[in-house]
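So you can see what is in the structure, the chains are spelled out below.
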Amino acid sequence: THELDMTIGSSDAKVTIIDYSSLTCPHCATFHEEVFPKLKEEYIETGKVNLIFREVYFDGPGLWASLVARCSDPEKFFPLVDLLLRKQNSWSRAESQIEIVNGLTSIGKQAGLKESDVLKCLKDRNKAKTLVEWYQYHAQNDQIESTPTIMVNGKKMSDRSFDSLKSEIENYLND
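On a predicted model such as this, the values are computed, not experimentally measured, just so you know.

K.L.:
Mind laying out the sheet that holds strand β1 (residues 6–9), listing which residues take part and the relevant values?
P.N.:
In sheet architecture, strand pairing relies on hydrogen bonds along the backbone and comes in two forms, parallel and antiparallel. Strand order in this open sheet of five strands is β1-β3-β2-β4-β5, and the pairing throughout is mixed. Two strands lie at the open edges of the sheet, namely β1 and β5 (155–156), each paired on one side alone. Contacting β2 (15–21), β3 (49–55) and β4 (149–152), helix α1 (residues 26–34) runs over the sheet at an angle of about 140° to β2. In this fold helix α9 (residues 162–173) packs onto β2, β3, β4 and β5, with an angle of close to 20° to the strand it touches most, β4.

K.L.:
Kindly report on the pattern of salt bridges, identifying the contributing residues and their values.
P.N.:
Two side chains bearing opposite charge may form a pair once their charged atoms approach each other closely. Enumeration over the complete set of coordinates arrives at nine salt bridges. A salt bridge links K166 to E42; the nearest nitrogen and oxygen atoms lie 2.5 Å apart. Of this pair, K166 sits in helix α9 while E42 sits in helix α2 (residues 36–44), placing them 124 residues apart in sequence. Given the relative accessible area of 28%, K166 is considered partly exposed. Exposure remark for E42: the relative accessible area of 32% places this residue in the partly exposed category. Among the salt bridges present, the one from K129 reaches E133, with a minimum N-O distance of 3.1 Å. Placement of both K129 and E133 in helix α8 (residues 125–141) is noted, with a separation of four residues, approximately one turn of the helix. Exposure remark for E133: the relative accessible area of 42% places this residue in the partly exposed category. By sharing partners, the salt bridges in this structure join D5, R54 and D142 into a single network.

K.L.:
Can you lay out the environment of K40 for me, pointing to particular residues and giving the numbers?
P.N.:
If you trace the backbone, K40 turns up in helix α2. As for K40 and I8, which are separated by 32 residues in sequence, their C-alpha atoms are 8.9 Å apart. Once you skip the residues sitting within four places of it in the chain, K40 turns out to touch I8 and E45.

K.L.:
Would you mind going over the packing of aromatic side chains in detail, with residue names and values included?
P.N.:
In this structure the tally under the stated criterion is four aromatic pairs. When the centroid spacing of 6.1 Å and the interplanar angle of 75° are considered together, the rings of F53 and F78 count as edge-to-face. With F53 in strand β3 and F78 in helix α4 (residues 77–86), this residue pair connects regions lying 25 residues apart in the sequence. Assigned by exposure class, F53 and F78 land together as buried. Measuring from centroid to centroid gives 5.4 Å for Y57 and Y135, while their planes differ by 65°, and the two rings are edge-to-face. In this pair, Y57 is assigned in the loop between β3 and α3 (60–69) and Y135 in helix α8, connecting sequence segments 78 residues apart.

Conventions we followed
- Residues numbered from 1 in each chain as written.
- Predicted model: local features only at pLDDT ≥ 70, side-chain atom pairs only at ≥ 80, totals over all residues.
- Heavy atoms only, no water.
- Pairing = 2+ DSSP bridges.
- Helix = DSSP H or I, 4+ residues; strand = E, 2+ residues; numbered from the N terminus.
- Contact = heavy atoms within 4.5 Å.
- Axes fitted to C-alpha atoms, helices over the stretch in contact; angles between N-to-C directions.
- Salt bridge = Lys/Arg side-chain N within 4 Å of Asp/Glu carboxyl O.
- Buried < 20%, exposed > 50% of the residue type's maximum accessible area, 1.4 Å probe, protein only.
- Phe/Tyr/Trp six-rings, centres within 6.5 Å; stacked < 30°, edge-to-face > 60°.

Quick look at the structure:
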């Protein structure tokens with residue numbers, strides 16, 4: 001893993017899932033609403049799976065949302081990602097950059113961040129540059145062309161349904 005990778009679950013798990021998602025992608029929001037909670041309950045919280053979440057930046061707002069998710073304590077990262085994806089319609093489709101920033105600020109505040117902190121994080125050019133380089137490196141390495149891309153122990157899953165992921169995970173757990 002890379003120092004910028006956000007992880008949840010046990011680092012000694014037999015199975016590592018990498019979730020490549022863009023915070024502006026509707027399919028990613030659906031995956032996080034429908035499949036992720038089951039994975040979390042059955043495999044991540046039980047220590048059987050370690051999940052690495054890597055943001056994909058196909059657009060500016062996706063990067064800005066990531067800067068907000070990473071703005072504060074790493075403990076808040078997954079709850080913020082959850083909020084950003086659940087409220088995706090309200091901020092990511094806004095008409096102007098200002099409205100998108102306002103939407104992101106309001107989500108940051110719901111997670112307990114001060115408006116001034118959110119704006120400071122959004123203006124952090126060095127962090128943005130580092131994140132873009134990290135994204136480009138992994139996207140090239142793992143040949144990420146669309147989101148969400150879910151990898152189970154290095155294998156790209158064409159079917160991202162819970163049942164399909166479950167049977168792939170179980171293969172490794174029963175080894």
